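# Tertiary structure, described
Residue strings, one per chain:
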Amino acid sequence: MTPLRIIIGTTASGKERLALAVAERLGGEIVSVDSMKVYRGLDVATAKAGPDERAAVPHHCLDLVEPTETFSAADFVRAAEAAIAAIRARGAVPVLSGGTAFYYKALLEGLFDGSAADPALRAELEARATEQGSETLHRDLEKADPAAAAKIHPSDLRRIIRALEVLHLTGQGISASQTQWREFHHPDPEVRASSFFAQPRHPFIMVRLVRSRDDLHRRVAERIGRMAANGLEEEARRVWENRDAIARTPLQAVGYKEFFPYFSGECSWEEAVERLRLGTNRLVRSQDTWFRKFPAHEIALASDESTEKAADDLVAGVFRL
């Protein structure tokens, strides 16, 4: 079975551009691993591949749902699995790239089977909490799943109800998912490689694109400038104007929420852009923290190093067929 070629990296690292160049050289097709690019019409702030890139190389897992719809990791896994199977059936190479660490984890190792819901049970638990307090439900959870209860504050009603719901629906505590994911955070990369991906659902070769902090900050600023020139304000305004209908994930995404104070007259455009710059740099740090945990070959790029050369090196090296 053809291994997945996976390129991970932070926002503004250039991973999608590198993935495009690699796919062109390998005769591959790209599977986007990004929780925001699944939404139709949210193109500028997500730096979604445009018509030219999609014409050059087929792209998958883009524009799957409307911004008003919820979209889960389980939904992504189903879409990605279908795309990967179709790519392999055509004799092409699946090239994965994107910035959502949880989606990679879900695809390569699978999800804890606790995603089902029971609206009637949830309503019953909420009614009990209203009458007796969330602490009562927390005591029930302590008896049934003490490991989960120890990690959930007695006043965190949403998580308490979810834990009790999973227990009722699956017959096991939600803490089982903590066991499944424990080694994801292990500091030793060899342990992560042997346990996190001990039985991956797909063979894969993964590289992590690395740049210096100064270079990333410069690239973030340049990225925001391009977005502003290409219609970011109009796109963010559409999200703002439809905020009552739009799903929580896109509504809270970096690239939109920073402009809400601007649209409500609470700050200037320049202040909103600065909020976006700061928010994007925070996102970069968070992504870097997660991706360092992955068992990937590190590819360090200097600010003046070309994507084409990096793609040539990858195809001749770790990504060779």
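All of the points below concern the structure found in this document. (Residues numbered from 1 in each chain as written. Predicted model: local features only at pLDDT ≥ 70, side-chain atom pairs only at ≥ 80, totals over all residues. Heavy atoms only, no water.)

### Considerations on the overall build of the protein
When helices and strands are counted, the protein shows 16 helices and six strands. Expressed as a percentage of its 321 residues, the buried residues of the protein come to 47%. Here the analysis covers contacts within the protein between residues at least 6 apart in sequence; of these, 75% occur between residues at least 24 apart. (Helix = DSSP H or I, 4+ residues; strand = E, 2+ residues; numbered from the N terminus. Buried < 20%, exposed > 50% of the residue type's maximum accessible area, 1.4 Å probe, protein only. Contact = heavy atoms within 4.5 Å.)

### Overview of the sheet that holds strand 1 (residues 4–8)
Spatially, six strands are ordered 3-2-4-1-5-6 in an open sheet, and the strand pairing comes out parallel. Of all strands in the sheet, those with a lone pairing partner are strand 3 (59–60) and strand 6 (297–300), marking the two edges. (Pairing = 2+ DSSP bridges.)

### Remarks on the nonpolar core
Core analysis: the biggest nonpolar cluster contains 53 residues, and Ile6, Val31, Phe76, Leu96, Tyr104 and Tyr256 have the highest contact counts within it. Of all elements in the fold, only strand 1, helix 3 (73–89), helix 4 (101–109), strand 5 (204–210), helix 11 (213–229), helix 12 (232–241), helix 14 (260–263) and helix 15 (269–291) reach the threshold of two or more residues within this core. When residues of this core are assigned to their parent elements, the largest contribution, seven residues, is made by helix 3. With 20 residues, the next largest nonpolar core counts Leu20, Leu26, Val93 and Ile205 among its residues. (Core = buried A, V, L, I, M, F, W, Y, C linked by side-chain atoms within 4.5 Å.)

### Quick notes on the packing of aromatic side chains
In total, this model carries nine aromatic pairs according to the counting rule given. Pairing Phe76 with Tyr103 gives two aromatic rings, centres 4.4 Å apart and planes at 15 degrees, and the pair type is stacked. Here the residue Phe76 occupies a position in helix 3, and Tyr103 occupies one in helix 4, the gap between them amounting to 27 residues. Taken together, a centroid distance of 5.4 Å and an interplanar angle of 65 degrees make the contact between Tyr262 and Trp269 edge-to-face. Seen from the ring of Trp240, Arg243 lies directly overhead, with NZ or CZ sitting 3.6 Å from the centre. (Phe/Tyr/Trp six-rings, centres within 6.5 Å; stacked < 30°, edge-to-face > 60°. Lys NZ or Arg CZ within 6 Å of the ring centre and 35° of its normal.)

### Some thoughts on helix 11
The end-to-end C-alpha distance of helix 11, which contains 17 residues, comes to 25 Å, matching closely the 24 Å that a straight helix rising 1.5 Å per residue would cover. Within the span of helix 11, buried status applies to Asp215, Leu216, Val220, Arg223, Ile224 and Met227. The elements touched by buried residues of helix 11 are helix 12 and helix 15. Positive phi shows up at Gly231, right after helix 11, with a value of about 105 degrees. (Expected span 1.5 Å × (residues − 1).)

### Things to note about a positive patch on the surface
On the surface, Arg213, Lys257, Arg282 and Arg285 cluster together to form a positively charged patch. Relative to the helices and strands, Arg285 resides in helix 15. (Patch = residues over 30% accessible without salt bridge, like charges linked within 9 Å, V, L, I, M, F, W, Y side chains within 5 Å. Areas by Shrake-Rupley, 256 points an atom, 1.4 Å probe, with all protein chains shown as cover. Salt bridge = Lys/Arg side-chain N within 4 Å of Asp/Glu carboxyl O. Lys, Arg positive; Asp, Glu negative; His and termini not counted. Charge placed at Lys NZ, Arg CZ, Asp CG, Glu CD.)

### Some points on helix 3
For helix 3, built from 17 residues, the straight-helix expectation of 24 Å at 1.5 Å per residue is met to within 8% by its first-to-last C-alpha distance of 24 Å. Every buried residue of helix 3 is listed here: Ala73, Ala74, Phe76, Val77, Ala80, Ala83, Ile84, Ile87 and Arg88. Elements in contact with the buried residues of helix 3: strand 1, strand 2 (28–32), strand 3, strand 4 (93–97) and helix 4.

### Comments concerning the packing of helix 1 (residues 15–26) against helix 16 (residues 307–316)
Running from N to C, helix 1 and helix 16 point in directions that differ by 50 degrees, and their axes come no closer than 9 Å. By the angle class used here, helix 1 and helix 16 are oblique. Viewed along their axes, helix 1 and helix 16 form a crossing whose handedness is right-handed. Each of Arg17, Leu18, Ala21, Val22, Arg25 and Leu26 in helix 1 lies in contact with helix 16, whose residues at this interface are Thr307, Glu308, Ala310, Ala311, Asp312, Leu314 and Val315. The residue makeup of the contact of helix 1 with helix 16, split by class, is eight nonpolar, one polar and four charged. (Axes fitted to C-alpha atoms, helices over the stretch in contact; angles between N-to-C directions. Parallel < 35°, antiparallel > 145°, perpendicular 65-115°, else oblique. Left-handed = near helix turned anticlockwise from the far one by under 90°. Nonpolar A, V, L, I, M, F, W, Y, C, P; charged D, E, K, R; others polar.)

### A short note on the environment of Ser303
Here Ser303 lies in the loop between strand 6 and helix 16. When the C-alpha atoms of Ser303 and Arg211 are compared, they prove to be 7.6 Å apart, with 92 residues separating the residues in sequence. Those residues in contact with Ser303 that sit more than four places away from it in its chain are Arg211, Asp215 and Arg218.

### A word on unusual backbone geometry
Outside of glycine, negative phi angles account for most residues, and trans bonds account for most peptide bonds. Although it is not a glycine, Ala12 adopts a positive phi angle of roughly 75 degrees. When you line up the elements, Ala12 lands in the loop between strand 1 and helix 1. Judged by its relative accessible area of 10%, Ala12 is buried. Even without being glycine, Cys61 reaches a positive phi, approximately 65 degrees. Relative to the helices and strands, Cys61 resides in the loop between strand 3 and helix 3.

### Focus on the side chain of Lys48
For Lys48, the location among the structural elements is in the loop between strand 2 and helix 2 (51–56). Of the polar contacts made by the side chain of Lys48, one reaches the side chain of Asp43; its length is 2.8 Å. (Polar contact = N/O pair within 3.5 Å; in protein donor to acceptor, adjacent residues only side chain to side chain.)

### A few points about the packing of helix 11 against helix 15
A pair of packed helices can be characterised by two numbers: the angle between their axes and the separation between those axes. Two numbers describe how helix 11 lies on helix 15: the axes approach to 10 Å, and their chain directions differ by 135 degrees. Relative to helix 15, helix 11 is oriented oblique. Handedness of the crossing formed by helix 11 with helix 15: right-handed. Note on element contacts: helix 15 touches helix 11 through Trp269, Val273, Leu276, Arg277, Thr280, Asn281 and Val284, opposite Leu216, His217, Val220, Ile224 and Ala228.

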